[in-house]
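Residues per chain are reported as follows:
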Amino acid sequence: MWSSPRSCPTSGGCQAAVYGERVYIWESSGSGPVITVFDINDGSELYSTPAITPGIIEQKGPFVGPDGTVYAPRGANNPQTDFLVALEDTGTTFVEKWRVPLGYVPFASFGV
């Protein structure tokens, strides 16, 4: 087993999503929350997205679709920052596939 220090954006944003050999989490950054990926076998931190949108609040966990698409539901009750963002994990970085506006749904759960 392993553990790794991390910084959760806020209380509801500490959940993790697992797909294959990867663990996906939100982390805080100076520019806004980022999605970070860890290796499930040894806990090594691999890479992170740039900030999804500005702000510090994130109360919904990421989730992963059956095709490996990582979904980052970003919400802070602000139409300028609140989006559902789909990301492709290339194995070395993330590539944004699309984003759509997301209403304010704090502490929500999502799934595919």
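All residue numbers refer to positions counted from 1 along the written sequence of the respective chain. Per-residue local features of the predicted model are confined to residues with pLDDT of at least 70, and side-chain atom pairs are confined, for both listing and counting, to 80 or more; whole-chain, interface and lining totals are unaffected and use all residues. By convention in this description, side-chain values take in all heavy atoms of the structure and omit both hydrogens and water.

Engineer: Would you mind showing me how to read the overall build of the chain here?
Structural biologist: A run of H or I in DSSP counts as a helix once it spans at least four residues, and a run of E counts as a strand once it spans at least two, with each numbered from the N terminus. Along its length, the chain carries zero helices and eight strands. Only the C-alpha atoms count toward the radius of gyration. The rule for a globule is 2.2 Å times the residue count to the power 0.38. Computed over its C-alpha atoms, the radius of gyration of the chain comes to 13 Å, within 12% of the 13 Å expected for a compact globule of 112 residues. With respect to the principal axes defined by its C-alpha atoms, the chain has extents near 40 × 30 × 25 Å. Accessible surface is estimated by sampling points in the Shrake-Rupley manner with a 1.4 Å probe; for residues, cover comes only from the protein chains shown. Here the chain has roughly 5,700 Å² of accessible surface; of this, 55% comes from carbon and sulfur atoms. The charge count treats Lys and Arg as positive and Asp and Glu as negative. His and the chain ends do not count. Where a charge sits is defined by one atom per residue type, namely NZ (Lys), CZ (Arg), CG (Asp) or CD (Glu). Charge-centre separation for the chain: the mean point of 6 positive side chains lies 7 Å from the mean point of 11 negative side chains.

Engineer: Even after reading the chapter, I still don't get the pattern of salt bridges, so can you show me in this structure?
Structural biologist: Side-chain pairs of opposite charge can arise whenever the charged atoms involved come near each other. Here, a salt bridge means any Lys or Arg side-chain nitrogen found within 4 Å of an Asp or Glu carboxyl oxygen. If you walk through the whole model with that rule in mind, you get five salt bridges. Among the ionic pairs, Asp39 bridges to Arg22, the shortest N-O distance being 3.8 Å. One end of the pair, Asp39, is in strand S3 (residues 34-39); the other, Arg22, is in strand S2 (residues 22-27), with 17 residues separating them in the sequence. Residue Glu58 is joined to Lys60 by a salt bridge in which the shortest nitrogen-to-oxygen separation is 3.7 Å.

Engineer: Hey, could you run me through the nonpolar core in this one?
Structural biologist: Across soluble globular proteins, nonpolar side chains have a tendency to be buried as a group. Formed by 14 residues in total, the largest nonpolar core has its most connected members in Tyr24, Ile35, Val70, Ala72, Leu87 and Phe94. Counting only elements with at least two residues in this core, the list comes to S2, S3, strand S6 (70-74) and strand S7 (83-89). Counting residues per element, this core draws most heavily on S7, which supplies three residues. Residue contacts are counted whenever heavy atoms from the two residues lie within 4.5 Å of one another. Sequence-distant contacts of Val70, that is, excluding residues within four places in its chain, are made with Tyr24, Ile35, Phe63, Val64, Val85, Ala86, Leu87 and Phe94. Take the buried residues of types Ala, Val, Leu, Ile, Met, Phe, Trp, Tyr and Cys, join any two whose side-chain atoms come within 4.5 Å, and each joined set is a nonpolar core. Each residue is placed in one exposure class: buried if its accessible area under a 1.4 Å probe, protein chains only, is under 20% of its type's maximum, exposed if it is over 50%, and partly exposed if it falls in between.

Engineer: For this particular structure, what's the right way to read unusual backbone geometry?
Structural biologist: Leave glycine aside and you will find that most residues have negative phi; peptide bonds, for their part, are mostly trans. Residues other than glycine seldom take positive phi values, yet Asn77 does so here, at roughly 60 degrees. Locating Asn77 in the fold gives a position in the loop between S6 and S7. For Asn77, a relative accessible area of 52% puts it in the exposed group.

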